[in-house]
Amino acid sequence: MGQRLNIEIKSKNKVIANCYYHWSGYSLSSLKLTKNIIDGFDEVKEENDLLYAIRLLGLTGAGLTREGFSYLYKNIPNFDMCEKIKSDNPFSIQYKYPISINRDDGLIEIDEENMEANRKWEEGRITINIDKKTFHFGVLLEFSKKEVEEDYFDENWEESDIKLKDIPFSEIDNYISKISKMVENKDYYFKIGDNYYSLIE
C-alpha cells in the first residue's frame, strides 16, 4: 500500500483537476510534490482557473492526458495547446501545457469521469485549495480504536499537534520538516484526539 497518490486542485468549492501518481503515495514524497506546486503558485500566470490548475500540476512533472486535451478543445473557446516562441523561425512553437508521458510522472485529468477514475486508484490524497491558499493532507493510514487495541497496542500512540486540514501554504516548509523528523526517528504512529494515524513510508 501507499504507492498511489492523487493530488487535487480545488477552486470555488469544487475540484477542477486532479493528478494520479503511481509511485508517489508516501507521506514525505507527496509533500515534496505539493511544495513544487506551492512554490510556483505565484509564478504561473493564467486567467482561467482550469488552465491554471493544469499548469500548477505540471510543476510536479505531470502532464495532461489525451482525454484532458480533448475536453479543453471542446469546452474552452479558442483553446490552443501550443504557443509561438521567439525565434528566427516564424514557425517555431512550443507546448504551453504539460503533456502526459507516463503514470509515474503523473496523469492529469479534468473531466468528472476521469477524475473519479483517478480517485478509485488512490491510496493517499492531497487537496490544494487555490482560493484559500491551503491544503489538506491525507497521505496516511487510519486505524479504528478496535484495530489499535487488538493489533497495534504495542505502538507508541502519542498525541500529535499535526494539522491535517486547512494547512496554509506558508507552513509547507515547516510541515515537511516535521514529517521528515518523524520519518527519520521512525515515529510513524500518532493520534489526534480519538483518531489514530500512521505515516506511509
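Data block above holds the structure.
Residue positions are given per chain, counted from 1 along the sequence in the order it is written. Residues qualify for local features only when their pLDDT is at least 70, as the model is predicted, and side-chain atom pairs are given and counted only at 80 or more; totals for whole chains, interfaces and linings, by contrast, use all residues. Excluded from the side-chain calculations are hydrogens and water; all other atoms, namely the structure's heavy atoms, are used.

A. Spotlight on the overall build of the protein. The way it works is that DSSP assigns letters per residue, a run of H or I at least four long becomes a helix, a run of E at least two long becomes a strand, and they are numbered from the N terminus. For the protein, the count of helices and strands is six helices and 13 strands. C-alpha extents for the protein along the principal axes are approximately 70 × 30 × 30 Å. The buried label goes to any residue with under 20% of its type's maximum accessible area, the exposed label to any with over 50%, and the partly exposed label to all in between, with areas taken from a 1.4 Å probe on protein chains only. For the protein, the residues scored as buried account for 44% of the 201 residues in total. At a minimum sequence separation of 6, the contacts of the protein that also span at least 24 residues come to 65%. Methods summary: accessible areas were calculated by the Shrake-Rupley approach with a probe of 1.4 Å, and residue burial reflects only the protein chains presented. As displayed, the protein has an accessible area near 11,600 Å², and 45% of this comes from carbon and sulfur atoms. Asp and Glu count as negative and Lys and Arg as positive, but His and the ends of the chain are not part of the count. Charge placement uses NZ in Lys and CZ in Arg. For Asp and Glu, CG and CD serve respectively. When the 27 positive and 38 negative side-chain charges of the protein are each reduced to one mean point, those points stand 4 Å apart. Two residues qualify as a contact provided that any one of their heavy atoms is within 4.5 Å of a heavy atom in the partner residue.

B. The pattern of salt bridges, seen in detail. What counts as a salt bridge is simple: a side-chain nitrogen of Lys or Arg found within 4 Å of a carboxyl oxygen of Asp or Glu. Applying the stated criterion across every chain yields a total of eleven salt bridges. When the shortest N-O distance is used, the salt bridge between arginine 119 and glutamate 8 registers 2.7 Å. One end of the pair, arginine 119, is in helix α4 (residues 112-121); the other, glutamate 8, is in strand β1 (residues 5-11), and 111 residues separate them in sequence. No difference in accessibility class separates arginine 119 from glutamate 8, as the two residues are buried. When the shortest N-O distance is used, the salt bridge between glutamate 112 and arginine 119 registers 3.3 Å. Its relative accessible area of 16% is what places arginine 119 among the buried residues. Three or more residues are tied together by salt bridges with common partners; here these are Glu8, Glu112, Glu116, Arg119, Glu122 and Arg125.

In short, the description is geometric, and any link to function would need to be established separately.
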